[in-house]
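Topology and contacts: notes
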Amino acid sequence: MQTRKDYILSLEADKWLFQADMLVDKAHVVMLREKGILKKRDVVAILNCLDKINSDYFVEHALPSYEDVHTAIESVMIKEIGEDIGGKMHTGRSRNDKVATSIRVALRAELLDIIKSVNELRAELLKQAKANIDTVMPGYTHLQHAQPTIFAHHFLAYADAFARDFWRLMSAYEYINVSPLGAAAFASTGFPIDRERTAKLLGFDSVLENSMDAVSTRDFVIDVISCYANLMTNLSRLAEEIILWSSSEFNFVRVHAEYVTGSSIMPQKRNPDYAELIRARTGTVYGSLMAVLSICKALPYSYNRDLQEVTPHLLQATKTSAASVSVMKSMVEKLELNKEEMAKQAQVGFTTATELADTIVREANVPFRTAHAIVSDLVKEGVALKDNGKAVLSELDTFATRHTGKKLSKRGLTEKKVNRALNIKLSIERHNAKGGPAKRELRRMLRARKSDLVTDDKLIESKDYKVGRSLDELEREVKRKARIIKVKKQS
Ligand code: ARG
């Protein structure tokens, strides 16, 4: 049973925020010193004390006894170095701008990792696509055999979906990487702080200007979880296909042993639990999105404690999405294909019927709707299409006479052309309009997507580098500010 005090805590989220909170403290104190708001002596003591607090021991033992991570750090500092000095750290700020800043700092690091992981998944999909540029498979609509395609085409489709996830997450990053620090409780402060400086030291791209907006908004959280929801939807669809494809009914793929489990009773089982959990956890991420939307709706400006309740959902959605992308990446990498079965199934279910209708249009100058009706009759009659040009043409003539009063063989359709239309590979090759499964298009798309990926990887590396450089600068400033007095003391 929770105690009254427990009720107010958000311990897991606060542990998650701890490292970011330390950085925010350091940047704030460095800036207070630079602006002459705090004395050198006080800053040295505060920075050294922060260094001491920064430990696993603090997180496990001290943090849980306080209202939240910010209160814990300040209280322990005051215990250590006294209120006269330790009590000055919070000058010109509030927990409201502090927490908003720490969430952004913590989230930013996780997000950069997720985006990199999405790109790794894209790379694996492209690898599998390249290796399977000749692998014929049935394409589906309504989960019914529709038209033949190539496995590379199917995986290139997913690669494109995840490329859009990349861009969505990048745009979320832009909204996240702005600094609310210095907004104080909401009304700014009378101390001559420098918000640009703390923003720069923390690797933010800019300042979130309006101090009331800065502490009130969690729209960046809604944004990023919406991106996760889209990402998880794409992962879930792929997971679902892997589950279907690995069933005896399809028998298209073999999921690697690391990503299946056995049954406690049925010795033969290879259950695709990892893919199933990706599918299920898509639901938990949607749940987080709904929770955050519901928490934020109708909150009066500016800060309310309700906002604390947002953070655990952000944490959960972030961890779940990160893990799911990474599991999917390895599962795709190690997926084995049963090419024979796919090729066999590509023939089943009159998959070349559309190409046959198209051929009738091209060769016999018949409107598509009429050609559709003629081939539809043929299919209803159950005439086997495969390599059966002669029989098919004579049947087509019968139905064409019924629909148009004239045989197709009298209008230019030949047995050879029928056979070509019924040939799976030739039929796929014909589909060479932009974005289709013809080999030339597949090769072009593979090249283009690979080069996009190189550019996208560079973009994310540059973001990572920029943040890293700022945080290094922050550490250098901290060391410098802590050392100045020490040097003087010795002399
Ligand atoms: N733990 C709080 C949160 O996550 C920090 C801010 C508390 N501010 C306040 N005015 N009570 O939102």
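From a predicted model like this one, the values you see are computed outputs, not experimental measurements. (Residues numbered from 1 in each chain as written. Predicted model: local features only at pLDDT ≥ 70, side-chain atom pairs only at ≥ 80, totals over all residues. Heavy atoms only, no water.)

The subject of this paragraph is the site of the ligand. In the vicinity of the ligand, the contacting residues are Asp 68, His 70, Arg 95, Asn 96, Val 99, Tyr 303, Arg 305 and Gln 308. In the environment of the ligand, an oxygen atom lies 2.4 Å from a nitrogen or oxygen atom belonging to the side chain of Tyr 303. Among the elements that line the shell around the ligand, the one with the most residues is helix α6 (residues 95-131), at 3 residues. In the shell around the ligand, the residues fall into 2 nonpolar, 3 polar and 3 charged. (Near = heavy atom within 4 Å. Polar contact = N/O pair within 3.5 Å; in protein donor to acceptor, adjacent residues only side chain to side chain. Helix = DSSP H or I, 4+ residues; strand = E, 2+ residues; numbered from the N terminus. Nonpolar A, V, L, I, M, F, W, Y, C, P; charged D, E, K, R; others polar.)

Structurally, the position occupied by Arg 122 is in helix α6. Residue classification places Arg 122 among the buried residues on the basis of a relative accessible area of 4%. At a separation of 2.8 Å, a polar atom in the side chain of Arg 122 contacts the side chain of Asp 456. Residue contacts for Arg 122: discarding those within four places in its chain leaves Ala 159, Phe 162, Ala 163, Phe 166, Asp 452, Leu 453 and Asp 456. (Buried < 20%, exposed > 50% of the residue type's maximum accessible area, 1.4 Å probe, protein only. Contact = heavy atoms within 4.5 Å.)

Quick look at the environment of Arg 305 now. Mapped onto the elements, Arg 305 comes out in the loop between α11 (273-296) and α12 (310-333). Under the relative-accessibility criterion, Arg 305 is labelled partly exposed at 28%. If we ignore the near neighbours within four places in the chain, the residues touching Arg 305 are Ile 8, Glu 67, Asp 68 and Arg 95. One polar contact links Arg 305 to Glu 67, side chain to side chain, over a distance of 2.8 Å.

Within the largest apolar cluster, 122 residues are counted, with the highest numbers of intra-cluster contacts made by Phe 58, Phe 155, Ile 225, Tyr 228 and Met 328. Among the elements that take part in this core, helix α10 (residues 219-245) stands out by supplying 15 residues, more than any other. Setting aside anything within four residues of it in sequence, one finds Ile 225 in contact with Val 285, Ser 288, Leu 289, Val 292, His 313, Leu 314 and Ala 317. Core analysis: the next-biggest nonpolar cluster, separate from the first, contains 21 residues, Ala 357, Ala 371, Leu 378 and Val 383 among them. (Core = buried A, V, L, I, M, F, W, Y, C linked by side-chain atoms within 4.5 Å.)

Inspection of every chain in the model, using the stated rule, returns 9 aromatic pairs. Geometrically, the ring pair formed by Tyr 140 and Phe 250 is tilted, given 5.8 Å between the ring centres and 50 degrees between the ring planes. Residue Tyr 140 is found in strand β1 (residues 136-141), and its partner Phe 250 is found in the loop between α10 and β5 (253-254); the two are separated by 110 residues along the sequence. Note on Tyr 140: relative accessible area 22%, which makes it partly exposed. Residues Phe 155 and Tyr 158 carry aromatic rings whose centres are separated by 6.4 Å and whose planes lie at 90 degrees to one another, so their mutual orientation is edge-to-face. Linking Phe 155 with Tyr 158, this pair stays in helix α7 (residues 151-176), spanning 3 residues, or about one helical turn. (Phe/Tyr/Trp six-rings, centres within 6.5 Å; stacked < 30°, edge-to-face > 60°.)

On to helix α4 (residues 69-81). For an α-helix, the turn length of 3.6 residues means that residues three or four places apart are oriented alike. Here α4 contains 13 residues, and its C-alpha end-to-end distance of 18 Å stays within 8% of the 18 Å for a straight helix at 1.5 Å per residue. Each element contacted by the buried residues of α4 is listed here: α1 (11-34), α2 (40-53), α3 (56-62), α5 (83-86) and α6. For α4, the N-terminal capping position is held by Asp 68, with its side-chain oxygen 3.2 Å away from the main-chain nitrogen of His 70. Just downstream of α4, Gly 82 is the residue with a positive phi angle, here 85 degrees. (Expected span 1.5 Å × (residues − 1).)

According to the stated counting rule, one finds 0 disulfides in the structure shown. You can see Cys 227 has no disulfide; the closest cysteine sulfur is in Cys 296, sitting 16 Å from it. By relative accessible area, Cys 227 is classed as buried at 8%. (Disulfide = S-S within 2.5 Å.)

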